[in-house]
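# Fold and contact review
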Amino acid sequence: MGKAQEMDQEQRQKQQHYKDWPNEAAFNANANFVDVRTPIDILVVGHFPRYVAGALYRTGPGAYKIDSPGSQKGIFAVDHWFDGFTTTHKFVIHAGADDTCDRVCYSSFMQVEKLMETARDTGSLGAGITFGQRDPCNSLYRKAKSVFAPLTTSNPFSSNVGVVLRKTLPAEAESIDEKRRVGRRLITITTDTVTAKHVDADTLEPLSITTQAAINPSLIGQMSAAHASHDRVTGELFNFNLTLGPTHSYKVFRASPNGETEVLAEIKGGGVRGAYLHSLLLTENFVVLCIWPAYFTRMGLSMLWERNVIDALKFEPNSQTHWFVVDRKHGRGVVKQFTSPSFFCFHTVNAWEETRAGTDVVDIICELVELPDASILELLRYEYIVSSEAVRSRPLGGADDKGIPTSHLVRYRLEQIAVREKSTDRPASAKRTMAVISGDLPRINPHYALKPHRYVYTALSRGKSSFLDGIGKTDMRNGTTTIWEEARHTPGEPIFVPRPGAVDEDDGVVLVVVFDGDTSRSYLLCLDATNLTEVARATVDGPVGLGFHGLHLPATPPKL
């Protein structure tokens with residue numbers, strides 16, 4: 001360790017942190033464009049199982065303040081976690097000679113630099129929205145919350161569940177952007193708007209931006225779900241396109257592997273209002289659009305002068321949540337509606353059908369992470385979640401502590417939906433059948449998508465720090481949670497990787513990027529998914545940004 005590093009470490013030790021749990025360095029890990037463009041080997045302790053060989057991608061804010069010489073304050077900073085300057089990270093796990101992996105490489109690409117180059121060339125930083133910037137000048141960055149998505153052969157708007165990549169061919173290059181992508185393996189980064197960014201899967205270089213209108217001209221709205229739903233069997237992708245205005249309209253659509261994109265239903269009129277929806281639900285026969293009452297105000301126009309999502313939203317606790325069940329196979333549009341009391345949600349988990357004996361009627365079980373209201377959007381400002389900031393803005397405990405509200409894994413039952421025949425249009429009640437205190441950023445064994453499952457893996461926030469403080473494995477059968485935790489170690493989203501040929505649902509490992517607040521270094525942690533005990537870790541010589549979502553692409557694609 002050099003003298004500069006020793007001084008930095010001494011400074012960190014003297015600095016106060018909320019509940020003595022430092023996390024500041026991971027929120028500003030890539031400040032001032034500190035990148036690792038050339039992959040480097042990182043220290044491995046233990047042995048990753050061979051079946052995780054491949055690449056783990058992560059995306060999210062790598063920094064929230066950068067030096068700005070000549071400005072009044074000397075720095076340029078954003079206000080909200082969702083608005084931090086996007087950085088893409090990649091861990092390549094190399095297969096060894098035996099049944100383990102003992103070599104891991106790391107690289108990163110802070111994409112605000114690319115946006116700056118674009119701004120100089122075009123005079124614009126592109127389309128998008130911000131989530132919580134109070135300074136309207138900051139809205140130039142206009143970055144929405146991002147998740148990873150693989151790029152299918154015909155559709156650039158994939159979900160973050162699948163594993164399909166493609167390599168562009170010269171014959172496909174019809175534009176300048178497409179010519180830049182020729183011969184490259186691509187992934188996409190999607191947001192809560194209708195835009196998606198194409199990224200080189202090998203170098204992490206951002207290549208182009210496109211919109212949903214590129215796959216269907218009728219998808220002209222402004223908002224969509226960052227998490228599209230993916231059918232692993234058919235390869236189809238499902239999402240919605242929300243148009244804000246005097247009449248709010250949700251177009252639920254399907255994108256097929258053969259290149260066709262079809263609008264399955266348009267939901268408008270009858271009191272339908274535009275809401276901030278981060279995800280939706282899918283079953284074998286239906287798409288379920290759940291509209292919780294986090295509504296855009298003034299027909300969505302308030303975003304134009306508020307210049308961010310938070311101040312343009314109003315959560316209405318006395319309003320109902322509306323559920324729309326859309327036929328995905330027989331062209332019937334909306335087949336049934338349901339209502340339930342208000343709640344807020346970022347992430348749905350899974351949904352499946354239960355057939356009523358001797359009938360063509362099913363009940364749909366919907367599982368999601370439920371919050372009591374939308375206050376989480378305000379509480380994810382940097383002043384509350386960065387440990388050095390929170391020590392000044394948050395009291396230690398008590399009713400005034402602006403902690404992240406308690407989330408629950410919940411299940412709702414939508415009853416008596418006809419698979420082929422006409423269903424009643426009269427709204428029924430969505431029945432809340434269970435709720436278990438848990439975390440967010442949920443993941444399950446991907447082989448159990450659209451099927452009944454038992455286990456959910458989440459990142460926990462139990463009030464031990466200003467942000468996340470553990471990984472949980474929740475057993476939805478008995479309502480218990482197994483926990484991995486280390487004091488002052490802040491984890492991100494857990495990603496489940498199933499063992500090939502496994503019979504048990506939890507036979508596999510969980511990959512998670514963790515920040516060590518004592519050393520200011522991050523590491524890729526591999527946990528045994530059955531009991532959350534450590535299998536291996538690979539440590540980066542510095543912090544990795546605390547981001548949103550990731551995608552594991554195995555070296556050998558799994559058989560479906």
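Remember, predicted model here, so these are calculated numbers, not experimental data.

Reading the values: rules and limits
- Residues numbered from 1 in each chain as written.
- Predicted model: local features only at pLDDT ≥ 70, side-chain atom pairs only at ≥ 80, totals over all residues.
- Heavy atoms only, no water.
- Pairing = 2+ DSSP bridges.
- Helix = DSSP H or I, 4+ residues; strand = E, 2+ residues; numbered from the N terminus.
- Axes fitted to C-alpha atoms, helices over the stretch in contact; angles between N-to-C directions.
- UniProt positions renumbered as here; feature names shortened; annotations may be inferred.
- Polar contact = N/O pair within 3.5 Å; in protein donor to acceptor, adjacent residues only side chain to side chain.
- Phe/Tyr/Trp six-rings, centres within 6.5 Å; stacked < 30°, edge-to-face > 60°.
- Buried < 20%, exposed > 50% of the residue type's maximum accessible area, 1.4 Å probe, protein only.
- Core = buried A, V, L, I, M, F, W, Y, C linked by side-chain atoms within 4.5 Å.
- Salt bridge = Lys/Arg side-chain N within 4 Å of Asp/Glu carboxyl O.

### Points about the sheet that holds strand β27 (residues 407-418)
Pairing in this open sheet of four strands is antiparallel, and the strands run β25-β26-β27-β29 from one edge to the other. Here the strands that pair on one side only, and so sit at the sheet edges, are β25 (348-355) and β29 (431-438). Averaged over all pairs of adjacent strands, the angle between strand axes in this sheet comes to 20 degrees, irrespective of strand direction. One ladder, built from nine bridges, connects strand β26 (residues 361-370) with β27; its direction is antiparallel. Paired with I364 across the two strands is L414, which belongs to β27.

### What to know about the UniProt feature "binding site: Fe cation" (unreviewed entry) in the protein
The UniProt record annotates "binding site: Fe cation" (unreviewed entry) at H227, H278, H347 and H549. A maximum C-alpha distance of 12.8 Å places the annotated residues, which cover 323 residues in sequence, within one compact spot. By the secondary structure assignment, H347 is in the loop between β24 (334-340) and β25. Polar contacts involving the side chain of H347 include one to the side chain of D440, which spans 2.8 Å. Here H549 lies in strand β39 (residues 549-554).

### What about the packing of aromatic side chains?
For the structure on display, the rule yields 20 aromatic pairs. Relative to F346, the ring of F82 has its centre 5.9 Å away and its plane inclined at 70 degrees; by these criteria the two rings are edge-to-face. Of this pair, F82 sits in the loop between β5 (75-77) and β6 (85-94) while F346 is found in the loop between β24 and β25, placing the two residues 264 residues apart along the sequence. Judged by centre distance (6.2 Å) and plane angle (55 degrees), the rings of W323 and F343 are tilted. With a gap of 20 residues between them, W323 in strand β23 (residues 321-327) and F343 in the loop between β24 and β25 connect regions that are remote in the sequence. Both residues of the pair, W323 and F343, count as buried.

### A look at the sheet that holds β24
Reading across the sheet, the five strands line up as β19-β20-β23-β24-β28 and stay open at both edges, with mixed pairing between neighbours. Two strands in the sheet have a free side with no partner beyond their single neighbour: β19 (281-282) and β28 (428-429). Note: β19 against strand β20 (residues 286-291), two bridges, orientation antiparallel. The partner of L281 across the bridge, within β20, is V288.

### Quick look at the nonpolar core
Counting 93 residues, the largest nonpolar core has Y250, W323, F344 and L414 as its most contacted members. Looking at which element gives the most residues to this core, the answer is β20, with six residues. If you look at the next biggest cluster of nonpolar residues, it comprises 22 residues, including V44, A53, A536 and V544.

### Observations concerning the pattern of salt bridges
All told, the structure shown has 33 salt bridges when counted by the stated rule. Between R58 and E493 there is a salt bridge, with the nearest N and O atoms lying 2.8 Å from each other. You can see R58 sitting in strand β3 (residues 54-63) and its partner E493 sitting in the loop between β34 (489-491) and β35 (495-498), a full 435 residues away along the chain. Across the pair D360 and R420 runs a salt bridge whose closest N-O atoms are separated by 3.6 Å. Note that D360 is positioned in the loop between β25 and β26 and R420 in the loop between β27 and β28, a separation of 60 residues in sequence. Each member of the salt-bridge network shares a partner with another, and the members are D231, E236, R254, E262 and R328.

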